[in-house]
Structure formats: structure tokens, C-alpha cells
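The chain contents come next:
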Amino acid sequence: MSEPAENWVTNPLAGYEPGQLGEMETWWVERQKALELAGYMLRPRYRPDWKPSWIGTNKYFLNCEDGQPQKRRLVMDATRTSDGKTVILKRLLVESEGPYELQINRLFSSDPLVSNPRNHCARLLDVIELPNDAPIMVHSHLRPFYDPPFNTYGEFVVFFGQICEGVQFMHEHNVAHRDCTSENIMLDPSRMYPQSFHPVDIWRRKNFRGNAKKYTRTRRPPRYLLIDFGHSRLYDPANGPPLDEPLSGGDKSAPEHQDQKTPCNPFPTDVYYLGNLIREDYLQKYHGLDFIKPLIADMVQEDPKRRPTMDEVVTRFAEIRGKLSAWKLRSRMARNNEIWPVAAWRSVGHWYRTVGYVLARKAALPELK
């Protein structure tokens, strides 16, 4: 998983001015011309002739578009010059995760797997090869799956079903993700945000002028995708169940990883990661998810051998989903800590929208057709 931004973003080091380029950003500036020749234009902030727009004004740098630093160590946003599409560039660490990440990306972005609707791996669009540098991968500009929050149980059910299907598909092809945690699950925003949004401040318009225009998941269903395959590995089934040393990812709570050295089968750990995501981010924070509690409890069993396989998870969840009424699926997902006046106000707005969805024949299970 990519590392957070450097501290200088809001608390610059001695000798740095607020909003000044950091060392990691400078790496991209030095390659801006080469990237432009490859068909990718960086934002004005990362061009060699950049002059901060807030200099000589009373503006705070973070209120300016060119004051928005990219917040991931190996990642940069860019515009594909051929069509104006916003994309994400990622440097590969050749000495560690890079070779595996590129291998897995190419596997699921090539025929015949790339066209399979059960494949939820974010598609690799391009690989940029610059002289004396590691390869740079190009992906579509995606959005965290949890933003905006789910409005209905139906939206949540579709999300969980798609991600389980995606990890199941990886397992069927003998690949363990090994870091399928919240920061590595995204949504394709092209339908919900048809005019896109800013690559750093994702709540603002792409041009940084006002809030990004969005639609709900029910009105314009997104597709959910898995990213970041630096920890992923392809195993040979002829060698039997794999045993591999633990890797440190976004979720460090897997029981089998606590000594950080005992080799274990990574496939049950993927099951744990998905179950723990739902347990910590939804079961512990939202009302009304009793229907999924037994499945999640099995997915996070302390003994990996007692956890269901992803095939079993998908089968059991399909049975659970089939028993949910349209009323339940259209109901609002409410957080445990909502105070009643707020809950009442939100419920009124929710049912007002729901009537519109019903009249417009929007499905209770909003799936991309």
C-alpha cells in the first residue's frame, strides 16, 4: 500500500515554505517533459516553470488548485493528452513489490481475463518506460469505495457482493491479493461523477471551482474494483496449498500474522481481511446489518482452517441476498451514533428520494447493467 504524504504538506520542515514542492514531488517534476512526450501531462504544480499562484496574495496555499500536493509517495495524477482523461501514475519499486505488482496487473488486464465480468481488478491502461527508471503503471482515476457513504442496504449489498466476486475470481486463478483492505478497494466514478473531480481534493470539481457534482449509487450504480497488487502473489496449484511469510499491509490484525514470521496460507487471510473490513467499518458502526453477521463471524474465525473459502462466501452471501425484501434493501443505512433529530431529518429526505427511485424504476439492488 502506498505511504502517506510527507509531513511538510501542512507542517513544513525547516527551510521549506508552506506549499513548496517536497522531495517526492520533485522526482515527478524532473520527469514532466518525458511524461508529456509519452502522452501524459502533469498538473501546473509539477511543471518546471511553475510559480505558486498564491504568492503576492492573501490566499492560503491549500485553497488554491496548484497548492494541492499529491498525497501518496509513489503516485501522481496526470491527464492523458489523447482524450483529456484523468489517470493515475504509479512508480514501481523494482527491488521489492514492483515485479509482482506488474505481473498481477498484466495477468488480469490481458485476454481472456480482462473481459470477464467477474474480474474486478482495476485495469492496467499503460506502462511507461523512461530511461534509467523503473516502469510507471497507468490506471484510471478511481475513488475510495466508501465515499460517498452508502445510503441504502441495497447499495451495501451490491458492494459486498462485487468485491467478494472479485477476490473469488483472483483465487480461482491462483492469486492471493494479500492486502484486500479498505484502502485498496475503489469504485469507478465515471457514472456517479460524470464531470469527474479533483484528483487530490476529491470533493471539489476538477478545476477546483466549487463542489463536484455527483449522483447517488442507486441512481447511477458504480462498479467496485480492487487495486494495489504489490503484495499479491501467483501460486502454482501443483505445489498444493501455499505457505508464505506474512506481509505487512493495511490490516495487521489477522491472527495468523501476529508473530510476523510463521508461514501461512494467504488465501484464508484474504477471507479474513474482507470479513474484518465489514466487521470494523460497518457492523460496529451501523444499525440493521444482522443479516450478514453470521457470515462475517465465520470469515474472521481465529483458526484460518475454519474460515469459509471465497467460493463458500459467495454462495452463502447469494442466499442471504435472496432473502432480503425490497423494503429492507431500500431502507436507509443509519449509523449507531446518530442522534434522533438528525436521524429523523435524514429519514424524511431518504424516503422522499426513495419514492422518486421507485417511480423512476430504479432497482433496490443498484447494479451496473
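First, a word on what this report is: a plain description of the structure on this page. All of these numbers come straight from a predicted model, not from anything done at the bench.

A word on the packing of aromatic side chains. Per the counting criterion, the structure on display carries 22 aromatic pairs. Taken together, a centroid distance of 4.5 Å and an interplanar angle of 0° make the contact between phenylalanine 145 and phenylalanine 159 stacked. A residue pair is termed long-range when its members are at least 10 positions apart, and phenylalanine 145 in the loop between β6 (143-144) and α4 (153-172) and phenylalanine 159 in helix α4 qualify at 14 residues. Exposure remark for phenylalanine 145: the relative accessible area of 0% places this residue in the buried category. Where phenylalanine 159 meets tyrosine 224, the ring centres are 5.2 Å apart and the plane angle is 75°; that geometry is what we call edge-to-face.

So, on to the sheet that holds strand β3 (residues 85-91). Spatial ordering of the open sheet is given by β1-β2-β3-β5-β4, a layout of 5 strands whose pairing is antiparallel. One side of each edge strand has no neighbouring strand; the edge strands of this open sheet are β1 (40-41) and β4 (124-128). In the sheet, β4 pairs with strand β5 (residues 136-140) via 4 bridges, with the strands oriented antiparallel. Paired with isoleucine 128 across the bridge in β5 is isoleucine 136.

This next bit is on helix α5 (residues 266-283). Between its terminal C-alpha atoms α5 stretches 24 Å, which fits the 26 Å expected from 18 residues at 1.5 Å a residue. Where α5 begins, one side-chain oxygen reaches toward the backbone nitrogen of phenylalanine 267, 3.0 Å away; that side chain belongs to asparagine 265.

Contact geometry for α4 and helix α7 (residues 310-322): axes closest at 9 Å, N-to-C directions at 155°. Viewed along their axes, α4 and α7 adopt a mutual orientation that is roughly antiparallel. Read as a crossing pair, α4 and α7 show a hand that is left-handed. Of α7, the residues touching α4 (which contributes Val157, Phe160, Gly161, Cys164, Glu165, Val167, Gln168, His171 and Glu172) are Met310, Asp311, Val313, Val314, Phe317 and Arg321. Taken together, the residues of the contact of α4 with α7 break down into 8 nonpolar, 3 polar and 4 charged.

Next up on the list: the side chain of arginine 307. Looking at the element boundaries, arginine 307 is found in the loop between α6 (293-299) and α7. Residue classification places arginine 307 among the buried residues on the basis of a relative accessible area of 5%. A polar atom in the side chain of arginine 307 sits 3.1 Å from the backbone oxygen of proline 268. At 2.7 Å, the side chain of arginine 307 forms a polar contact with the backbone oxygen of glutamine 301. Not counting residues within four places of it along the chain, the set of residues in contact with arginine 307 comprises Pro255, Glu256, Pro268, Thr269, Val271, Tyr272, Asp298, Met299, Val300, Gln301 and Glu302.

What counts, and at which threshold
Residues numbered from 1 in each chain as written. Predicted model: local features only at pLDDT ≥ 70, side-chain atom pairs only at ≥ 80, totals over all residues. Heavy atoms only, no water. Phe/Tyr/Trp six-rings, centres within 6.5 Å; stacked < 30°, edge-to-face > 60°. Helix = DSSP H or I, 4+ residues; strand = E, 2+ residues; numbered from the N terminus. Buried < 20%, exposed > 50% of the residue type's maximum accessible area, 1.4 Å probe, protein only. Pairing = 2+ DSSP bridges. Expected span 1.5 Å × (residues − 1). Polar contact = N/O pair within 3.5 Å; in protein donor to acceptor, adjacent residues only side chain to side chain. Axes fitted to C-alpha atoms, helices over the stretch in contact; angles between N-to-C directions. Parallel < 35°, antiparallel > 145°, perpendicular 65-115°, else oblique. Left-handed = near helix turned anticlockwise from the far one by under 90°. Contact = heavy atoms within 4.5 Å. Nonpolar A, V, L, I, M, F, W, Y, C, P; charged D, E, K, R; others polar.

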